[in-house]
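Residues per chain, in single letters:
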Amino acid sequence: DQQVKQNSPSLSVQEGRISILNCDYTNSMFDYFLWYKKYPAEGPTFLISISSIKDKNEDGRFTVFLNKSAKHLSLHIVPSQPGDSAVYFCAATGNYGGATNKLIFGTGTLLAVQP
Amino acid sequence: EPEVTQTPSHQVTQMGQEVILRCVPISNHLYFYWYRQILGQKVEFLVSFYNNEISEKSEIFDDQFSVERPDGSNFTLKIRSTKLEDSAMYFCASSGDGQPQHFGDGTRLSIL
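Because the structure is a prediction, the values reported are computed rather than measured.

**Q** Which residues make up the side chain of B:Thr82, and what values do they have?
**A** Residue and element names in this part refer to chain B. Within the secondary structure layout, Thr82 lies in the loop between β8 (75–79) and β9 (88–95). What makes Thr82 buried here is its relative accessible area of 1%. At a separation of 3.2 Å, a polar atom in the side chain of Thr82 contacts the main-chain carbonyl oxygen of Gln14. Looking at Thr82, its side chain comes within polar contact range of the main-chain oxygen of Gln17, at 2.9 Å. Residues within four places of Thr82 in sequence aside, it is in contact with Thr13, Gln14, Met15, Gly16, Gln17, Val19 and Ile111.

Okay, here's the thing in structure tokens:
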């Protein structure tokens, strides 16, 4: 069941540059999307979210863009820092329950920020 | 910052034995969840719990699984008779009303 897809298993970026992580979804009932960061031996840490009524949400260095017609979202990190190196998961939920419904996760993208 | 805490961090159990994974959600949260991640696979939803009952469960969450909130602070996942394929990282999460889910660091369950 590939309702949420992250097609890039890994991404390498130079420190100070922009990191762009992509996510595609297939279920049109999804109405809330989240990005989580995960370090080894830790649980996923919430980063940023976006509701389907918006197309952009920004929090400091992190911006999430949502293109509903394309069923695509992306996470931009500017500027990238070595501490951003982690696995990034896209997650989606729906049925108008907001964030409290079950999350459907993508497979994750390993981001490596090179000093 | 408040955290979701899970114990133990690693549990090794013989196949067929019962195991209980424990979680202490963030204190003012109302919604509780269990997810698991088999090595090399996605994080998968198991069950959600609200107002002292299961809100939703996945196909994975069969009769061998149960959840309980025995007191005001703990949230447990029990697997009655473990199978080899239950080996995974199990993550507990909690959330406030309409808020993002916050995850614990997980329990690594190894079934021998």
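**Q** Any chance you could break down the sheet that holds β8(B) for me, citing the residues and the numbers?
**A** Residue and element names in this part refer to chain B. A sheet is described by the order of its strands in space; here four strands give the open sequence β1-β3-β8-β7, paired in antiparallel fashion. Either end of the sheet is taken by a strand with one partner, and the two such strands are β1 (5–7) and β7 (65–68). When the angles between neighbouring strand axes are averaged without regard to direction, this sheet yields 20°. In this structure, β7 lies alongside β8, joined through four bridges in antiparallel fashion.

**Q** So what's going on with the interface of chain A and chain B? Which residues, and what values?
**A** Facing the 21 residues of chain A at the interface are 19 residues of chain B. Regarding the contact of chain A and chain B, the summed buried area is about 1600 Å², with carbon and sulfur atoms giving 60% of it. We note a salt bridge from B:Glu56 to A:Lys102, for which the minimum N-O separation is 3.3 Å. Applying the counting rule to chain A against chain B returns seven residue pairs in polar contact (both at pLDDT 80 or more). If one sorts the elements of the side of chain A that touches chain B by residue count, strand β4 (residues 30–38) of chain A sits on top with four residues. Its residues assigned to classes, the side of chain A that touches chain B shows 11 nonpolar, six polar and four charged.

**Q** Give me the lowdown on the packing of aromatic side chains, citing residues and values where you can.
**A** In the structure shown here, the tally under the stated rule is 16 aromatic pairs over all chains. With centroids separated by 5.3 Å and ring planes inclined at 50°, the aromatic side chains of B:Tyr35 and B:Phe103 adopt a geometry described as tilted. Taken together, the positions of B:Tyr35 in strand β4 (residues 31–37) and B:Phe103 in strand β10 (residues 102–103) put the pair 68 residues apart, joining distant regions of the chain. For the pair B:Tyr35 and B:Phe103, a shared accessibility class is recorded, and that class is buried. Every member of this aromatic cluster is reached through a ring pair, and the members are A:Tyr36, A:Phe46, A:Phe89, A:Phe105, B:Tyr33, B:Tyr35, B:Phe45 and B:Phe103.

Conventions and cut-offs
Residues numbered from 1 in each chain as written. Chains lettered and ligands numbered in written order. Predicted model: local features only at pLDDT ≥ 70, side-chain atom pairs only at ≥ 80, totals over all residues. Heavy atoms only, no water. Helix = DSSP H or I, 4+ residues; strand = E, 2+ residues; numbered from the N terminus. Buried < 20%, exposed > 50% of the residue type's maximum accessible area, 1.4 Å probe, protein only. Polar contact = N/O pair within 3.5 Å; in protein donor to acceptor, adjacent residues only side chain to side chain. Contact = heavy atoms within 4.5 Å. Pairing = 2+ DSSP bridges. Axes fitted to C-alpha atoms, helices over the stretch in contact; angles between N-to-C directions. Buried area = accessible area lost by both parts, 1.4 Å probe. Salt bridge = Lys/Arg side-chain N within 4 Å of Asp/Glu carboxyl O. Nonpolar A, V, L, I, M, F, W, Y, C, P; charged D, E, K, R; others polar. Phe/Tyr/Trp six-rings, centres within 6.5 Å; stacked < 30°, edge-to-face > 60°.

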